[in-house]
Amino acid sequence: MPDRIRVLHVDDDPAVVEAATSALEQEHCGITVETATNVADGIERLDSEAFDCVVAGYDLPEQTGVEFLDAVRKRSPDLPFILFTSEGNEAAASDAISAGVTDYLRVDGGAEPYARLAHTVVDAVERTVDDIKHVQNTRRERAIEELHSTARAFMRATTEDAVAQITVDTARTILNMPANGVHFADGDSLYPVAWTARVEELLGTPPAFQAGESLAWQAFETGEARVHDDITSIPGRYNPETDIRSEIILPLGDHGVLLIGSCETGAFDDTDVTLARTLSVHATAALNRLHRDRQLREEREFIDQALDTLDDLFYVIDTDGSLRRWNERIPEVTGYSDDEIDEMSVSEFFPGDEHETIGAAIAETKTSGRVTVEAEILTADGERIPYEFAGTRLTDADGTTVGTVGIGRDISQRRAYERQLERKNERLDEFTSIVSHDLRNPLTVAEGNLELARTECDSDALDNVSRAHERMRALIDDLLTFARAGETVTDLESVTLADIVEDCWQTVEGAQATLVVEDDRQIRADTAKLRRLLSNLVRNSVEHGSADAQAPSGRTAEHDGESITVRVGTVEDTDRHGFYVADDGPGIPEDDREQVLEEGYSTGENGTGFGLKIVQRLAEVHGWTVTATESEAGGARFEVTGLEPA
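Summarised in this report is the structure supplied together with it. (Residues numbered from 1 in each chain as written. Predicted model: local features only at pLDDT ≥ 70, side-chain atom pairs only at ≥ 80, totals over all residues. Heavy atoms only, no water.)

**Concerning the packing of helix α6 (residues 160-173) against helix α9 (residues 270-308)**
Phase 1: Axis separation between α6 and α9 bottoms out at 10 Å; the angle between their running directions is 170 degrees. What the angle tells us is that α6 and α9 run roughly antiparallel. Residues Glu160, Val163, Thr167, Thr170 and Ala171 of α6 lie in contact with α9, whose contacting residues are Leu279, Ala283, Ala286, Leu287, Leu290 and Arg294.
Phase 2: Across the contact of α6 with α9, the residue classes tally to seven nonpolar, two polar and two charged. (Axes fitted to C-alpha atoms, helices over the stretch in contact; angles between N-to-C directions. Helix = DSSP H or I, 4+ residues; strand = E, 2+ residues; numbered from the N terminus. Parallel < 35°, antiparallel > 145°, perpendicular 65-115°, else oblique. Contact = heavy atoms within 4.5 Å. Nonpolar A, V, L, I, M, F, W, Y, C, P; charged D, E, K, R; others polar.)

Listed below in structure tokens is the structure:
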């Protein structure tokens, strides 16, 4: 039973009205009775207020109760209407029933008819409420069922405009909301995308809404649905002169809004709002899907474009041995078309003598997760191209192996370089053999004869010969070191700069010298070659630090007999990483700093001119750079850079 019931009683007999009102209020404490004495007043009250039931007499001024009933039915077909009169006959009752009266009661005197009227009113209102709920439930169920079928149409939509049109058509045909439209967001505006013919009749082409200037923008900005029973009383409406009265505004996520309007006040009940919300949820889901699909498509296109710019081969091998994905470089290198590649297995890209190597590499990837292998590709024209392949096991979200992903790099140039290097090393071996045997053997004979000569005579000339022999032997040693420095680095390992420097310092002759290691770092290098590089730099500082033929006047004397300090530290700038060896000796004149690294350059009387050139060669085979500059103390400083950051 409803908590409150509003009854309109139209009758010009005050006694009947008073008795009926008393009986109704006694029957239900929530009943409120409003009265009118004629049909015109009754119709005016119905147009301006909401009532749950109408009670009317038959013989009313100017019009009969049946005529009043006919006017009510045109406005509210479901509103309970009870004809309660002391006048009339069977013909009047028949007319009333034909016009759709809810019930017909006679006032026969006494209290019983009024009690029966009260019971009839309550019963009629209850039945009407139940009927309305049943109709609403039936409509909701039918509409929801139809909306589910529409959801499939949403999922088939391929564009945002198509989603907007499906939304508009569904609101019009299934929800019976003829005036509706969809606006999409574009920056600081909402622009119309799809709308019904009824909207065009009311508004013409729908307007675009700029930020902050409409109720639609408010709903979009807050993400909250808005339901207005009468927008004429709502501030912020876009057009104060519009014929629209009721409006539902439903945000479609970040995509826009769905607008539903009516020229009637309070046109949308709870069922209307619920169904409209359901429609907006379906539309938003479809728009989100299209947005995700577009993002995924753009991301894949970006990845494909990035992979296609590689000079290397990119590939994904499926578990069945076929290529699942590849970049444009593969058809370019192999000479096969994409359609042909799609039908090929991995083994078909390699000659028969490489099949075992490739099969073993793929198997190892599945077990160890990563593998690097060299093999020759066999092109469609029969050409064999050497490649290095680095593959990694590919797994899904559950950790199940779904294939192998990898990169193939052309190593033709590297192979050619290796062959060239082999030939170069062969020539170096020949050279070192000549130096070691064909030069050292005669020198040894000469030194032996010199010793014999000393036993036969005492001459200063023999001392000059001895010094010449020593210089020749130093030249031979440096030539051998210089030749071997040109080889590639081998056995790279991580070593500590301070430890290597300390080892080198033990081989330096000269008591008047001090070593200071200011910083330390790990260096990945060929230990033997790094030790020789540092030994040459440290020895150069000690030997040239106390007296330098190229030093400015005054600086040589200043350091004669004094202890030289050799400092070793790291270079860690924004774009330079390495180490340095510096001293506080007389230094190197600025004009000579590039020449000191050239072959044959020496300022010492007994120097070979190969010491610093050997340093440069040893650095180059590591990929490093040597630079001569001035130390903070004004002496020489040699920087070795190009190392990986510490």
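**Remarks on the packing of aromatic side chains**
Phase 1: A complete count under the given rule lists ten aromatic pairs for this structure.
Phase 2: Geometrically, the ring pair formed by Phe184 and Tyr191 is edge-to-face, given 6.5 Å between the ring centres and 80 degrees between the ring planes.
Phase 3: Judged by relative accessible area, which is 5%, Phe184 ranks as buried.
Phase 4: The interplanar angle of 90 degrees and the centroid separation of 6.3 Å between the aromatic rings of Phe579 and Trp624 together place this pair among those described as edge-to-face. Of the two residues, Phe579 is situated in strand β21 (residues 577-583) and Trp624 in the loop between α18 (611-622) and β22 (625-630); the sequence distance between them amounts to 45 residues. For the residue pair Phe579 and Trp624, the accessibility class agrees, reading buried in each case.
Phase 5: An aromatic cluster of at least three residues, connected via ring pairs, comprises Tyr315, Phe350, Tyr387 and Phe389.
Phase 6: The side chain of Arg6 reaches across the aromatic face of Phe51, ending 4.6 Å from its centre.
Phase 7: Here the guanidinium or amino end of Arg637 rests over the ring plane of Tyr580, the centre of that ring lying 3.9 Å away. (Phe/Tyr/Trp six-rings, centres within 6.5 Å; stacked < 30°, edge-to-face > 60°. Buried < 20%, exposed > 50% of the residue type's maximum accessible area, 1.4 Å probe, protein only. Lys NZ or Arg CZ within 6 Å of the ring centre and 35° of its normal.)

**Quick look at the nonpolar core**
Phase 1: One finds Ile523, Leu530, Leu533, Leu534, Phe579, Trp624 and Phe638 to be the most contacted residues of the largest nonpolar core, which totals 37 residues.
Phase 2: It is helix α16 (residues 527-545) that provides the largest number of residues to this core, a total of six residues.
Phase 3: Residues within four places of Leu534 in sequence aside, it is in contact with Leu497, Ile500, Val501, Cys504, Phe579 and Val581.
Phase 4: Counting residues in each nonpolar core, the second largest holds 28 residues, with Met177, Ile260, Leu287 and Leu290 among its members. (Core = buried A, V, L, I, M, F, W, Y, C linked by side-chain atoms within 4.5 Å.)

**Let's talk about helix α12 (residues 355-368)**
Helical periodicity: at 3.6 residues per turn, an α-helix aligns residues three or four positions apart in one direction.
Phase 1: Between the first and last C-alpha of α12 there are 20 Å, a value that for 14 residues agrees with the 20 Å anticipated at 1.5 Å per step.
Phase 2: Listed in full, the buried residues belonging to α12 are Ile358, Ala361 and Thr365. Considered in projection along α12, the buried side chains sweep an arc of 60 degrees and stay on one side of the axis. Counted as exposed and oriented over 90 degrees from the buried face of α12: Glu356 and Thr367.
Phase 3: Packed against the buried residues of α12 are β14 (370-378), β15 (384-395) and β16 (401-410).
Phase 4: Positive phi appears at Gly369, one or two residues downstream of α12, with a value of about 95 degrees. (Expected span 1.5 Å × (residues − 1). Arc of directions from axis to C-beta.)

**Quick word on the side chain of Ser262**
Phase 1: Mapped onto the secondary structure, Ser262 falls in strand β11 (residues 256-262).
Phase 2: For Ser262, a relative accessible area of 16% translates into the label buried.
Phase 3: Engagement of the side chain of Ser262 in a polar contact is seen with the backbone nitrogen of Glu264, the distance being 3.2 Å.
Phase 4: Other than its neighbours up to four places away in sequence, Ser262 contacts Ile244, Arg245, Ser246, Ala267 and Phe268. (Polar contact = N/O pair within 3.5 Å; in protein donor to acceptor, adjacent residues only side chain to side chain.)

**Some thoughts on the sheet that holds β11**
Phase 1: Ordered by their spatial adjacency, six strands build an open sheet running β8-β7-β6-β11-β10-β9, and the pairing between neighbours is antiparallel. Edge positions in the open sheet fall to β8 (209-210) and β9 (226-228), since each of these has one partner strand only.
Phase 2: Strand direction decides the pairing type here: β9 and strand β10 (residues 246-251), joined by three bridges, are antiparallel. Residue pairing across strands places Val227 opposite Ile248, the latter belonging to β10.
Phase 3: Taken strand by strand, helix α8 (residues 215-222) contacts β6 (179-185), β7 (189-195), β8, β9, β10 and β11, and its axis lies near 30 degrees from that of β10.
Phase 4: Seen against the sheet, α9 touches β6, β9, β10 and β11 and runs at an angle of roughly 30 degrees to β10. (Pairing = 2+ DSSP bridges.)

**Considering the sheet that holds strand β12 (residues 313-318)**
Sheet strands pair by backbone hydrogen bonding; their relative direction is either parallel or antiparallel.
Phase 1: Here we have five strands laid out as an open sheet, ordered β13-β12-β16-β15-β14, and antiparallel in their pairing. At either end of the open sheet lies a strand with only one pairing partner, and these are β13 (323-326) and β14. Neighbour-to-neighbour, the strand axes of the sheet open up by a mean angle of 30 degrees, direction not taken into account.
Phase 2: Inspection of the sheet shows β12 paired to β13 by three bridges, in the antiparallel sense. In the strand pairing of β13, Ile317 is matched with Leu323.

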